[in-house]
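Results of the structural survey
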Amino acid sequence: MGACYAASGNVAGAREAFARARDLDTLRFRTDSRLGAVIRRVWDRHASPESRFLDSESVLTNACEMGIPGTECLWDHVHFNFKGNYLVARALADQVVSLLPESDRSMSATNNIELSEEQCAERLAFTDWDRRLVLQEMIRRVEQPPFTAQLGHERRLQAWSGALAALRGKTGRDGLERAAQVYRAAVARRPDDWILRQRFGSVLEEIGDYPAAEAEWKKVLDLVPGYYEAFFKLGDLCARTSRFAEALDFYQQTLLARPNSYEAMNGVGLALMEQRKLDEAAPWFERALFVHPAFSQARVNLGLLESRRGNPARAEAHFRSVLSTDSNNVAAHIDLGNLLAAQRKNVEASEQYLAALQVQPGDSTAHFSLANCLDTLGRTNEALAHYQEAIKL
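So, here's what we can say about the structure. (Residues numbered from 1 in each chain as written. Predicted model: local features only at pLDDT ≥ 70, side-chain atom pairs only at ≥ 80, totals over all residues. Heavy atoms only, no water.)

**Section: the overall build of the chain**
Put simply, the test is: Starting at the N terminus, helices and strands are each numbered in turn, a helix being any DSSP run of H or I of at least four residues and a strand any DSSP run of E of at least two. Burial classification: accessible surface area is computed with a 1.4 Å probe over protein chains only, and a residue below 20% of its type maximum counts as buried, one above 50% as exposed, and the rest as partly exposed. Working definition of accessibility: Shrake-Rupley area with a 1.4 Å probe, residue cover restricted to the visible protein chains. Charge convention: Lys and Arg are scored as positive, Asp and Glu as negative, and His as well as the terminal groups of each chain are ignored. The atoms used to mark charge sites are NZ of Lys, CZ of Arg, CG of Asp and CD of Glu.
Broken down by element type, the chain carries 22 helices and 0 strands. Along the first, second and third principal axes, the C-alpha set of the chain runs to 75 × 55 × 40 Å. Looking at the chain as a whole, 36% of its 393 residues are labelled buried. Of the roughly 22300 Å² that the chain leaves accessible, carbon and sulfur atoms contribute 53%. Computed over 47 positive and 52 negative side-chain charges, the inter-centroid distance for the chain is 2 Å.

**Notes on helix H22 (residues 380–392)**
To keep it simple, the criterion reads: Expected span, for any helix, means 1.5 Å times one less than how many residues it has. As used here, the arc is the angular range of directions from the helix axis to the C-beta atoms. For this analysis, residues touch if any pair of their heavy atoms sits within 4.5 Å.
Relative to the 18 Å expected for 13 residues at 1.5 Å per residue, H22 spans 18 Å between its end C-alpha atoms, a close match to the ideal helical length. Among all positions in H22, only Ala383, His386 and Ala390 are buried. Along the axis of H22, the buried residues cluster in a sector spanning 65°; they form a single face. With respect to the buried face of H22, the exposed residues turned more than 90 degrees away are Asn381, Ile391 and Lys392. Looking at the packing, one finds that the buried side of H22 touches helix H20 (346–359) and helix H21 (364–376).

**Quick notes on the pattern of salt bridges**
Put simply, the rule reads: What makes a salt bridge here is a side-chain nitrogen of Lys or Arg within 4 Å of a carboxyl oxygen of Asp or Glu, nothing more.
Counted under the stated rule, the structure contains 27 salt bridges. For arginine 199, the salt bridge goes to aspartate 130, with nearest N and O atoms at 3.4 Å. Residue arginine 199 is found in helix H11 (residues 194–207), and its partner aspartate 130 is found in helix H8 (residues 128–142); the two are separated by 69 residues along the sequence. When salt bridges with common partners are traced through the structure, they connect Arg22, Asp23, Arg40, Asp55 and Glu57 into a single cluster.

**Observations concerning unusual backbone geometry**
With an omega of 5°, the peptide bond running from proline 145 to proline 146 counts as cis. Tracing the chain through its elements places proline 146 in the loop between H8 and helix H9 (153–170). Its identity is not glycine, yet serine 242 carries a phi of approximately 60°, on the positive side. In this fold, serine 242 is placed in the loop between helix H13 (228–240) and helix H14 (244–257). Within the chain, arginine 344 stands out as a residue other than glycine whose phi angle is a positive 65°. Mapped onto the elements, arginine 344 comes out in the loop between helix H19 (330–342) and H20. Overall, the relative accessible area of 75% leaves arginine 344 in the exposed class.

**Here's the deal with the packing of H8 against H11**
In plain terms, the rule: Angles run from 0 to 180 degrees between N-to-C directions of axes, and those axes are lines fitted to C-alpha atoms, restricted for helices to the stretch in contact. Orientation labels follow simple angle bins: below 35 degrees gives roughly parallel, above 145 gives roughly antiparallel, 65 to 115 gives roughly perpendicular, and whatever is left gives oblique.
The geometry of H8 relative to H11 is characterised by a closest axis approach of 11 Å and an angle of 95° between their N-to-C directions. Judged on the interaxial angle alone, H11 and H8 are roughly perpendicular. Here Trp129, Asp130 and Arg132 of H8 lie close against H11, whose contacting residues are Arg199, Ser202, Val203 and Glu206.

**Concerning the packing of H19 against H20**
Filter applied, for reference: We call a crossing left-handed when the near helix sits turned anticlockwise from the far one by less than a right angle, and right-handed when that turn is clockwise. Polarity classes work like this: nonpolar for Ala, Val, Leu, Ile, Met, Phe, Trp, Tyr, Cys and Pro, charged for Asp, Glu, Lys and Arg, and polar for all others, with Gly in that last group.
The interhelical angle for the contact between H19 and H20, taken along N-to-C directions, is 165°, at an axis separation of 8 Å. Judged by the angle between their axes, H19 and H20 are roughly antiparallel. Judged by the twist between their axes, the crossing of H19 over H20 is left-handed. Contacts between H19 and H20 pair Val330, His333, Ile334, Leu336, Gly337, Asn338, Leu340 and Ala341 from the former with Asn346, Glu348, Ala349, Gln352, Tyr353, Ala355, Ala356 and Val359 from the latter. Per-class residue counts for the contact of H19 with H20 are 10 nonpolar, 5 polar and 1 charged.

**Overview of the packing of aromatic side chains**
Heads up, the condition is: Each Phe, Tyr or Trp ring (for Trp, its six-membered ring) is paired with any other whose centre lies within 6.5 Å, and the angle between the two planes then decides the class: stacked below 30 degrees, edge-to-face above 60, tilted in between. To sit over a ring, a charge needs its Lys NZ or Arg CZ within 6 Å of the ring centre and within 35 degrees of the ring normal.
Taken as a whole and assessed by the stated rule, the structure comprises 10 aromatic pairs. Residues tryptophan 75 and tryptophan 160 carry aromatic rings whose centres are separated by 5.7 Å and whose planes lie at 85° to one another, so their mutual orientation is edge-to-face. Taken together, the residues tryptophan 75 in the loop between helix H4 (56–63) and helix H5 (82–98) and tryptophan 160 in helix H9 connect sequence positions 85 residues apart. Given the relative accessible area of 23%, tryptophan 75 is considered partly exposed. Accessibility expressed as a relative area gives 9% for tryptophan 160, which makes it buried. Consider the rings of tryptophan 194 and tyrosine 227, whose centres lie 5.2 Å apart with planes at 75°: the pair is edge-to-face. With a gap of 33 residues between them, tryptophan 194 in helix H11 and tyrosine 227 in the loop between helix H12 (210–223) and H13 connect regions that are remote in the sequence. Taking the relative accessible area as the measure of exposure, tyrosine 227 reaches 13% and is therefore buried. Each member of the aromatic cluster is reached from another via a ring pair, and the members are Trp129, Tyr183 and Phe200. Over the ring of tyrosine 228 we find arginine 258; its NZ or CZ atom is 3.8 Å from the centre of that ring.

Honestly, that's just the spatial picture; any functional story needs more than this.
So, in structure tokens, the structure goes:
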């Protein structure tokens, strides 16, 4: 009803209907009218000259079309986008400034220290790479129930998919280098910001500069001793550079800090598998799945392990099990394709590589493997196109 009222220009009706929908929401992620009233009553009871009340609802209402918070400041019905966060943070900053002594407020006004949204993004190193990661996570969430039953779900997903394609176009090699430059400037400005450094490490890892990424994660560990995620990422970086004994040590340190880390269990399994200790590796993948049964990466790795053991049927069963619940799992498609190609089932293998590329068009491994299959099938021109794409990537 709210959407219909808004489309017909009935602003008052739209506001009332949307508010009613929020208050009747089955999943109460949001503060409804009753809780909002409670918060205001508490404020009225305890208000003093030394405290301030920030009405974030009004902040967003005043910033959005028709006074109805929407896509201008929200990803969905719950999560702020960058602009929404900026608007609330700026309003909070104004309230904080109002509590400062008069001399400090005058200095603030004289120096005009308020940052624009764009300046905040630069200071926080919020790049197109970061926007892509946020959007990928939002898409991953809304592809799962109960969000698939929301009104306008398909329309939203289509819009987000288009935006994601555009961001992928901006985060190729050149785009990642631009993001790294933004991060370098931000880190130089705030060298002790460990969150900034861990994100910078992830950018460098995606670029493929593993030594620089490792250096950033070690700086994170210096700033936050015992931080489990830093141990885990250092394990991953060691594994990427075939230093499996070192990787194993970092994964085990991760498990000391966080015993139920199924990702670290999976890492231990991978490090052992790459050292050809298959019998030692298998229980770690199984343990990861016991802790988190939906952790598809461990299931994929069990498939790889069975393939190495010479059990293609068991390997295929693991890969297809993953795809039965996660049809967009790129690793499962590629690994199943490799398994089928090894059995000279090139038509079926090529279908798996194509499925991987539908999800992740810029995957060079999928392009190269598909090219090999097509070449074997005598489809030389198609193979050449995919070889060229793999080289480009």
